[in-house]
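Structural overview
Take a look at the letters that make up each chain.
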Amino acid sequence: QVQLVESGGGLVQPGGSLRLSCAASGRIFSLNGMGWHRQAPGKERELVAGITRGGITNYADSVKGRFTISRDNVKNTVYLQMNSLKPEDTAVYYCSADGAEADTYKSFGIWGRGTLVTVSS
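Residues numbered from 1 in each chain as written. Predicted model: local features only at pLDDT ≥ 70, side-chain atom pairs only at ≥ 80, totals over all residues. Heavy atoms only, no water.

1. Some details on the packing of aromatic side chains
Here the structure, examined in full by the defined rule, presents one aromatic pair. Residues F29 and Y105 carry aromatic rings whose centres are separated by 4.8 Å and whose planes lie at 85 degrees to one another, so their mutual orientation is edge-to-face. In this pair, F29 sits in strand β4 (residues 28-39) while Y105 sits in the loop between β9 (91-101) and β10 (107-111), placing the two residues 76 residues apart along the sequence. Under the relative-accessibility criterion, Y105 is labelled exposed at 52%. (Phe/Tyr/Trp six-rings, centres within 6.5 Å; stacked < 30°, edge-to-face > 60°. Helix = DSSP H or I, 4+ residues; strand = E, 2+ residues; numbered from the N terminus. Buried < 20%, exposed > 50% of the residue type's maximum accessible area, 1.4 Å probe, protein only.)

What follows is the structure, given as structure tokens:
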């Protein structure tokens, strides 16, 4: 079974920075796309940023120029560097990944449990 565990959330003042990490563990044959999504209170979950195994990235318009997604394929970890944070960035941030399991090569698409980011003075 493959799992994702996020870390790095917390309280930060407007204009500040945070770095989120998400590590995949378990019986992994391959990790393909990885991404970060967020869900603010009363709103639907939305894609923040995604990255392919080869490093091609995409971002929501609202975070372009402020957030940077990256990954370490050796550590099976994806990161989200968030700069110039705004109160409207406050949300639970979820990591996602798709790939294939070791031995069975069964494909999977999974989510982490989320980490809370609060931007407030």
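2. Description of the pairing of strand β5 (residues 46-51)
As defined by bridge partners, β4 adjoins β5 across five bridges and the pair is classed as antiparallel. Its bridge partner lying in β5, R38 is registered against E46. In this antiparallel pair of consecutive strands, β4 and β5, the connection spans six residues, and G42 shows a positive phi of 80 degrees. As judged from the three bridges shared by β5 and strand β6 (residues 57-59), these two strands associate in the antiparallel manner. Bridge assignment links I51 to a residue of β6, and that residue is T57. If you look at the hairpin formed by β5 and β6, you'll find five residues sitting between the two strands, and G55 has a positive phi there, around 100 degrees. (Pairing = 2+ DSSP bridges.)

The values reported here are purely geometric and, on their own, carry no functional implication.
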